[in-house]
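So you can see what is in the structure, the chains are spelled out below.
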Amino acid sequence: MAEWIQQIITEKKRVAIPVMTHPGIEMIGKTVRDAVTDGQVHYQAIQALDDKYPAAASTVIMDLTVEAEAFGAAIVFPEHEVPTVEERLLSDEAAIEALQVPGIDQGRVPEYLKANRLTAANIQDKPILAGCIGPYSLAGRLYDMSEIMMLIYINPDAANTLLQKCTDFLISYAKALKETGVDGIVIAEPAAGLLSNEDCQHYSSLFVKQIVDAIQDDHFSVILHNCGNTGHCTPAMVYTGAVGYHFGNKIDMREAIREVPDGALAIGNLDPVGIFKMAGPEKMREETLALLEAMKEYPNFVLSSGCDTPPGSPFANIDAFYEALEEYNANF
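**Student:** Would you take a moment to explain the environment of A316 for this structure?
**Tutor:** Tracing the backbone shows A316 in helix α16 (residues 315-329). Here the alpha-carbon distance between A316 and D51, two residues 265 residues apart in the chain, equals 16 Å.

Put into structure tokens, the structure is as follows:
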């Protein structure tokens, strides 16, 4: 992976790694519920996308409920939308103290390990990027997002206890994902974007860094995704030491990449809803070319969506995205 990253930085032609699985689910005639509950279906969706599109790496579904479910949270499974946490699992500080860190055999974790294992075994010409939630975002799903933001000020010790329990589980899960044969992991920490840079570092990045330190090496890369960051907490993201940073569409990529180390990838950030799903192919082409042109002086830039492309994104738009990339690269 270290060599792959260096090759991307050295090569003049750009590569694309959109966070995209839902179109693959539609291609194989399955529902989102099928894919998030069955590792075989999940893999087949990734394989279908790989067969059709030239992404530089394959990514799994950005499902931010798997880990909360493992802790015991109740999950709602719409047929054609990503799952959601039904209600907070933890109601007070006493519940945090009593919370047990689950094993990786709980809930749908085994199905996600299965999806990653099958993908790693069958797609071997490019990196496979697994996914997991970040510790602060997980804590927010267990304790309620508004409540965790108050807790870090009212009772920071309790907040840190919860965050450490979340991190301990995520390290175990990340190690299990690494053992499936995948090449890296995208840690999705969008809720940390609601914090100031100082709080983001203290209540997210310090814990993310524990995960990075436990699993990242020359053969396995961590990419930190924070689509809640509007530019105010990029330094906290970089503190984690990940080798890639994935940004949402609310940030100016030119500003963000200036704070990313030259040897790390800065990935993003076309609007997954407003452009990938809602715009037409010509607008998709224009926006893609405009972003590529804006980032031309930064060799460590990787073209991507700003977050997971949603269900129902038109294939004509995805085609236009890759055609624009090919058009841009024809100059080199």
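**Student:** Which parts of the structure should I look at to understand the nonpolar core?
**Tutor:** Grouped burial of nonpolar side chains is what soluble globular proteins tend to show. If you look at the biggest cluster of nonpolar residues, it comprises 120 residues, and the most contacted ones within it are L142, L162 and I185. Per-element accounting of this core gives the leading share, 12 residues, to helix α10 (residues 156-179). Not counting chain neighbours up to four residues away, the residues in contact with I185 comprise L129, A130, G131, C132, A174, L177, I215, F220, S221, V222 and I223.

**Student:** Help me out: how do you make sense of the pattern of salt bridges in this one?
**Tutor:** Between side chains of opposite charge, pairing is possible as soon as their charged atoms come close. Taken as a whole and judged by the stated rule, the model has 11 salt bridges. Taking the shortest distance from any N to any O, the salt bridge between R108 and E69 comes out at 2.6 Å. In this pair, R108 sits in the loop between α6 (93-98) and α7 (109-122) while E69 sits in helix α5 (residues 66-71), placing the two residues 39 residues apart along the sequence. Summarising the burial analysis for this pair, R108 and E69 share the class buried. Across the pair R254 and D252 runs a salt bridge, and its minimum N-O distance is 3.5 Å. By relative accessible area, which is 39% here, R254 ends up partly exposed. Put simply, D63, E69 and R108 are held in one network by salt bridges that share partners.

**Student:** How do you make sense of unusual backbone geometry when you look at a structure like this?
**Tutor:** A negative phi holds for most residues other than glycine; trans holds for most peptide bonds. Omega for the peptide link from G268 to N269 comes to -15°, which places this bond in the cis form. Position of N269 relative to the elements: it lies in strand β8 (residues 265-270). Unusually for a residue other than glycine, D144 sits at a positive phi of about 95°. Within the secondary structure, D144 sits in the loop between α8 (135-143) and α9 (145-154). We classify D144 as partly exposed; its relative accessible area is 31%.

**Student:** Any chance you could explain the sheet that holds strand β7 (residues 244-247) here in plain terms?
**Tutor:** In sheet architecture, strand pairing relies on hydrogen bonds along the backbone and comes in two forms, parallel and antiparallel. Pairing is parallel in the open sheet, where seven strands are placed in the order β1-β4-β5-β6-β7-β8-β9. Strands at the two margins of the open sheet, each flanked by one partner only, are β1 (58-59) and β9 (301-305). One ladder, built from five bridges, connects strand β5 (residues 184-188) with strand β6 (residues 221-226); its direction is parallel. Bridge assignment links V186 to a residue of β6, and that residue is I223. The strands touched by α10 within the sheet are β4 (128-133) and β5, with β4 carrying the most contacts at an inclination of about 165°.

So, how was this worked out
Residues numbered from 1 in each chain as written. Predicted model: local features only at pLDDT ≥ 70, side-chain atom pairs only at ≥ 80, totals over all residues. Heavy atoms only, no water. Helix = DSSP H or I, 4+ residues; strand = E, 2+ residues; numbered from the N terminus. Core = buried A, V, L, I, M, F, W, Y, C linked by side-chain atoms within 4.5 Å. Buried < 20%, exposed > 50% of the residue type's maximum accessible area, 1.4 Å probe, protein only. Contact = heavy atoms within 4.5 Å. Salt bridge = Lys/Arg side-chain N within 4 Å of Asp/Glu carboxyl O. Pairing = 2+ DSSP bridges. Axes fitted to C-alpha atoms, helices over the stretch in contact; angles between N-to-C directions.

Shape is all these values report; function is a separate question.
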